[in-house]
Number of protein chains: 2
Amino acid sequence: MSLPHASSSLPDASRLVHVDLGERSYDIHIGRNLLGNLGPLFAKMFGGAKAAIITDKTVAGLHLDAVQKSLEASGVETHVIVLEAGEKTKSYEGLTKACDAVLDTRLERGDLVVALGGGVIGDLAGFVAGIIRRGMRFIQVPTTLLSQVDSSVGGKTGINSGHGKNLIGLFHQPSLVLADSAVLDTLPRRDFAAGYAEVAKYGLINDPGFFAWLEANWQEVFAGGPAREEAIARSCQAKADVVAADEREAGQRALLNLGHTFGHALEGMAHYDAERLVHGEGVAIGMVLAHEFSARLGLCDPSVTDRVIAHLEAVGLPTHIGAIAGEKPTSDLLMDFIAQDKKVSRGNLTFILTRGLGQSFVEKGVDPSEVKSFLEEKLA
Amino acid sequence: MSLPHASSSLPDASRLVHVDLGERSYDIHIGRNLLGNLGPLFAKMFGGAKAAIITDKTVAGLHLDAVQKSLEASGVETHVIVLEAGEKTKSYEGLTKACDAVLDTRLERGDLVVALGGGVIGDLAGFVAGIIRRGMRFIQVPTTLLSQVDSSVGGKTGINSGHGKNLIGLFHQPSLVLADSAVLDTLPRRDFAAGYAEVAKYGLINDPGFFAWLEANWQEVFAGGPAREEAIARSCQAKADVVAADEREAGQRALLNLGHTFGHALEGMAHYDAERLVHGEGVAIGMVLAHEFSARLGLCDPSVTDRVIAHLEAVGLPTHIGAIAGEKPTSDLLMDFIAQDKKVSRGNLTFILTRGLGQSFVEKGVDPSEVKSFLEEKLA
């Protein structure tokens, strides 16, 4: 058994993004072929602690060996918990199973959970870590573009309920994030594109220059050139800045939900069936809807929406509700999901709207009847 | 329908204990016939918010009407969730059911959960509040002596798993606690005595004067005279002082676990079967064991143990393992539960030991083999 020499030191090419949250601060390491660094980093930061790796069957077949060997070569005792792949694991049942599996390992309060996988595993494992013995530390090793640029940063953890997505969970910040851009080489193109929707989102929130850079460089991001690490690092930095300013979403953190209120409703309508719609695709359609709704309210020039649609279509993302396979939703059904969304307050809806490209803002006083009329038009 | 006039203002006799935790600070109101104050207090503190009352079937039959009427008379929209009574509700299944029930009410993030019941309801409802939409506020209205003096103060919430008690949960502080000593009049004597074990604990931790006061006044505490409010208030104050100094149990908060490591193991051995052993009874036996173990280590004079046993027996509490009905545990089984306890670190056991009456301290380096020998002697 030979281990890559890279595991004993950080590759020069790795980038660091620091998430500044006081005593809950942590670093995101970004670069190609970083998995082998996990063991040395773990041993250095948490010397003597043990690890419970939570992953899913798909990721286990691809990356578990490298992660486990890296940890064990650094003397870290590891336990492995392999769950079913897919959104259904982010459920009460998945939570129960994962909690019991971690308790089975007899890990102690000072040990760590390692979340190896995409957003489902990261959200679930982070939640599990947050509630076992009232809080264990955890490490994110995100293996999808979506989780590298979004769900592994910021400490939101949770599961879905029959009432909607992410309605059960808590804020629990990781102690370390390791984003290896090389693992994305094994990602199906559809999943890469879905994650890319969140990358584009950072441009659309408040960075038109980044959006223009993506329009020029997206092909290299998809192909795996250096632009990929650049895109991941800029996305993580953008999210880290927002999270550091508003950890628990009292205000501006809500900007990160651009496209998400519509997107979550579409995911709910599609019963979280990944065959029909994955999260990033819902966000892509949701961002287009947010721009169209802003235009309808007279806030934003329709040409901005055209530019957004053009770019998302270029990378292969869906941009309208009609692109979702299967039965079409009614506006009533979508409004029902929207009303149940976490961001509702006192009967008013909160939406992220925009005044132009990269000029998004939080609007808390949206009249539900305006949204319903808009959706009826879109579904007509 | 006539409401008591007392509901519009605080009775003069109520006592306030302030739990000082910075932005998570809150007040505990203690007094007779306080239930009618909930509505006015709620309206004043959380004007406009709605309430989901989580309770169990037993408590609902006794006190739900008063609580609900008080809230509604103050204009608070209420929803009621009634769960099965008993420790089995503090489970994954109970958690799932309660979360879904709160989501069914369509309450929003700014609304509140009201936990009306004993420790089971308080621990579960607090946990539910902590994880719905990543955190709703909640109010404790404890209806047992145990929950008034212990579980409703300090923010520990959680459920049991097959691996042990309270292994899944989080720290989530209530926004208000209302301890009505009159509701204890309806409590079975056995349950009152079990709660009293935690009252006596505060004396045994660090207040020998309070223990002596209890020896002289326990009959009035049981009978419902003014000594009852005094005992509750002193207990809450003692716990509030410890929690304010160490909210997340990094150090001295562990003192509150006096008798609990043994007690939890005994509860686990008895399968949390309330017919055989309730929590406070486990704590009573556990406190005696902690004193006996301290004496065995040469830390504490055996006469202290005799005094503890005499007082606990006087109030009708069990004081030795043999008093538990049903099959006797083996030392191996108890050690297994002890090893799984949250307070284990790096193979050493943490116990609360004592050097004399009211002179408890945290000992992190207890050798498991010493504990096993001690238990073997006790079980011989």
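Residues numbered from 1 in each chain as written. Chains lettered and ligands numbered in written order. Predicted model: local features only at pLDDT ≥ 70, side-chain atom pairs only at ≥ 80, totals over all residues. Heavy atoms only, no water.

**Looking at the overall build of chain A**
A count of helices and strands for chain A gives 13 helices and 11 strands. Each principal axis of the C-alpha distribution contributes one length, and for chain A these read about 60 × 40 × 40 Å. Counting all 380 residues of chain A, 62% fall into the buried class. Counting contacts in chain A only where the partners sit at least 6 residues apart, residues at least 24 apart contribute 74% of the total. Within the structure as shown, chain A displays about 13600 Å² of accessible surface, and the carbon and sulfur contribution to it stands at 50%. (Helix = DSSP H or I, 4+ residues; strand = E, 2+ residues; numbered from the N terminus. Buried < 20%, exposed > 50% of the residue type's maximum accessible area, 1.4 Å probe, protein only. Contact = heavy atoms within 4.5 Å. Areas by Shrake-Rupley, 256 points an atom, 1.4 Å probe, with all protein chains shown as cover.)

**Structural notes on helix α6 (residues 189-206) of chain A**
Taking 1.5 Å of rise per residue, the 18 residues of α6(A) would be expected to cover 26 Å, and the 27 Å separating its terminal C-alpha atoms lies within 8% of that figure. For α6(A), a buried count of 14 out of 18 residues is recorded, marking the element as mostly surrounded by other parts of the structure. (Expected span 1.5 Å × (residues − 1).)

**Topic: helix α3 (residues 92-104) of chain A**
Given a rise of 1.5 Å per residue, 13 residues ought to cover 18 Å, and the 18 Å separating the end C-alpha atoms of α3(A) matches this to within 8%. The set of residues buried in α3(A) consists of A:Tyr92, A:Gly94, A:Leu95, A:Thr96, A:Ala98, A:Cys99, A:Ala101, A:Val102 and A:Leu103.

**So, the sheet that holds strand β1 (residues 15-19) of chain A**
Residue and element names in this part refer to chain A. With respect to topology, seven strands assemble into an open sheet ordered β1-β2-β9-β6-β5-β3-β4, the strand pairing being mixed. In this open sheet, the two edge strands, each paired with only one partner strand, are β1 and β4 (78-83). In this sheet, adjacent strand axes meet at a mean angle of 15° when their direction is disregarded. Relative to β4, strand β3 (residues 51-56) runs parallel, the two being bridged by six bridges. Pairing of Asp-56 across the sheet is with Leu-83, part of β4. Relative to the sheet, helix α4 (residues 119-131) contacts β3, β4, β5 (112-117) and β6 (137-142), its axis offset from that of β5 by approximately 170°. Against the sheet, helix α8 (residues 226-245) makes contact with β1 and β2 (26-31), and its axis sits at roughly 10° relative to β1, the strand it touches most. (Pairing = 2+ DSSP bridges. Axes fitted to C-alpha atoms, helices over the stretch in contact; angles between N-to-C directions.)

**A word on the interface of chain A and chain B**
Chain A puts 40 residues into the contact, and the matching count from chain B is 40 residues. Together, the buried faces of chain A and chain B total about 3600 Å²; carbon and sulfur atoms form 46% of this surface. Inspection of the chain A/chain B interface yields two salt bridges. For the pair chain A and chain B, the interface holds 10 residue pairs in polar contact (both at pLDDT 80 or more). Taken together, the residues of the side of chain A that touches chain B break down into 13 nonpolar, 12 polar and 15 charged. (Buried area = accessible area lost by both parts, 1.4 Å probe. Salt bridge = Lys/Arg side-chain N within 4 Å of Asp/Glu carboxyl O. Polar contact = N/O pair within 3.5 Å; in protein donor to acceptor, adjacent residues only side chain to side chain. Nonpolar A, V, L, I, M, F, W, Y, C, P; charged D, E, K, R; others polar.)

**Some points on the relation of the copies chain A and chain B**
Mapping chain A onto chain B leaves a residual RMSD of 0.0 Å; the transformation is a rotation of 180° accompanied by 0.0 Å of translation along its axis. The operation mapping one copy onto its partner corresponds to a two-fold rotation axis. Of the C-alpha atoms belonging to chain A, the one lying closest to the rotation axis is found on A:Tyr92, 4.1 Å away. When the interface residues of chain A are mapped onto chain B, 100% of them again fall at the interface, so both copies present the same face. (Least-squares fit on C-alpha atoms with pLDDT ≥ 70 in both.)

**Let's talk about the state of the cysteines**
All chains considered together, the criterion is met by zero disulfides over all chains. A disulfide-free cysteine, A:Cys99 has its sulfur positioned 12 Å from the sulfur of B:Cys99, the nearest such atom. (Disulfide = S-S within 2.5 Å.)

**So, the domain arrangement of chain A**
Residue and element names in this part refer to chain A. Parsing chain A into structural domains produces domain 1 (15-186) and domain 2 (195-379). Each of domain 1 and domain 2 was reduced to a C-alpha centroid, and the two centroids are 26 Å apart. Counting residues at the interface gives 31 residues for domain 1 and 30 residues for domain 2. Taken together, the links from domain 1 to domain 2 amount to six salt bridges. Close ionic contact of Glu-267 with Lys-165 constitutes a salt bridge, the shortest N to O distance being 3.4 Å. (Domains from an automatic or database assignment.)

**Here we look at the sheet that holds strand β3 (residues 51-56) of chain B**
Residue and element names in this part refer to chain B. Taken in spatial order, the seven strands line up as β1-β2-β9-β6-β5-β3-β4 in an open sheet, and their pairing is mixed. Edge positions in the sheet fall to β1 (15-19) and β4 (78-83), since each has one partner strand and no second. Strand-to-strand twist of the sheet, defined as the mean angle between neighbouring strand axes without regard to direction, takes the value 15°. With six bridges connecting them, strand β5 (residues 112-117) and strand β6 (residues 137-142) associate as parallel partners.

**Some points on the packing of aromatic side chains**
By convention here, two paired aromatic rings are described through the distance between centres and the angle between planes. All names here are of chain A. Within the structure shown, the criterion is met by 20 aromatic pairs over all chains. Ring geometry for Phe-262 versus Phe-293: centroids 6.4 Å apart, planes at 85°, classification edge-to-face. One end of the pair, Phe-262, is in helix α9 (residues 260-269); the other, Phe-293, is in helix α10 (residues 279-296), and 31 residues separate them in sequence. With relative accessibility at 3%, the residue Phe-262 sits in the buried group. Phe-293 sits in the buried class, given a relative accessible area of 0%. (Phe/Tyr/Trp six-rings, centres within 6.5 Å; stacked < 30°, edge-to-face > 60°.)

**Some words on the pairing of strand β11 (residues 360-366) of chain A**
Residues and elements named next belong to chain A. Here five bridges tie strand β10 (residues 349-354) to β11, and the two strands are oriented antiparallel to one another. In the sheet register, Leu-349 faces β11, and the bridge partner there is Val-366. Where β10 folds back onto β11 in an antiparallel hairpin, the turn is made up of five residues, including Gly-358, whose phi is positive at roughly 70°.

**Focus on the pattern of salt bridges**
Any two side chains of opposite charge can pair, so long as their charged atoms come close to each other. Residues and elements named next belong to chain A. Enumeration according to the criterion identifies 43 salt bridges over all chains in this entry. Arg-24 is the partner of Glu-247 in a salt bridge, and the nearest nitrogen-oxygen pair spans 2.5 Å. Of the two residues, Glu-247 is situated in the loop between α8 and α9 and Arg-24 in the loop between β1 and β2; the sequence distance between them amounts to 223 residues. Under the relative-accessibility criterion, Glu-247 is labelled buried at 16%.

**Observations concerning the packing of helix α9 (residues 260-269) of chain B against helix α12 (residues 331-339) of chain B**
Residues and elements named next belong to chain B. The N-to-C vectors of α9 and α12 enclose an angle of 120°; their axes lie 9 Å apart at closest approach. Regarding the angle of α9 to α12, the classification is oblique. Note on packing geometry: the crossing formed by α9 with α12 is right-handed. Counting all contacts with α9, which are made through Thr-261, Phe-262, Ala-265, Leu-266, Gly-268 and Met-269, the residues of α12 involved are Leu-333, Leu-334, Phe-337 and Ile-338. For the contact of α9 with α12, a count of residues per class yields eight nonpolar, two polar and no charged. (Parallel < 35°, antiparallel > 145°, perpendicular 65-115°, else oblique. Left-handed = near helix turned anticlockwise from the far one by under 90°.)

**Notes on the packing of α9(A) against α10(A)**
Residues and elements named next belong to chain A. In contact at an axis separation of 7 Å, α9 and α10 are set at 130° when each is read in the N-to-C sense. Between α9 and α10, the angle is such that the two are oblique. Crossing angle aside, the handedness with which α9 passes α10 is right-handed. In this structure, α9 uses His-260, Phe-262, Gly-263, His-264, Leu-266 and Glu-267 to contact α10, whose residues at the interface are His-279, Gly-282, Val-283, Ile-285, Gly-286, Leu-289 and Ala-290.

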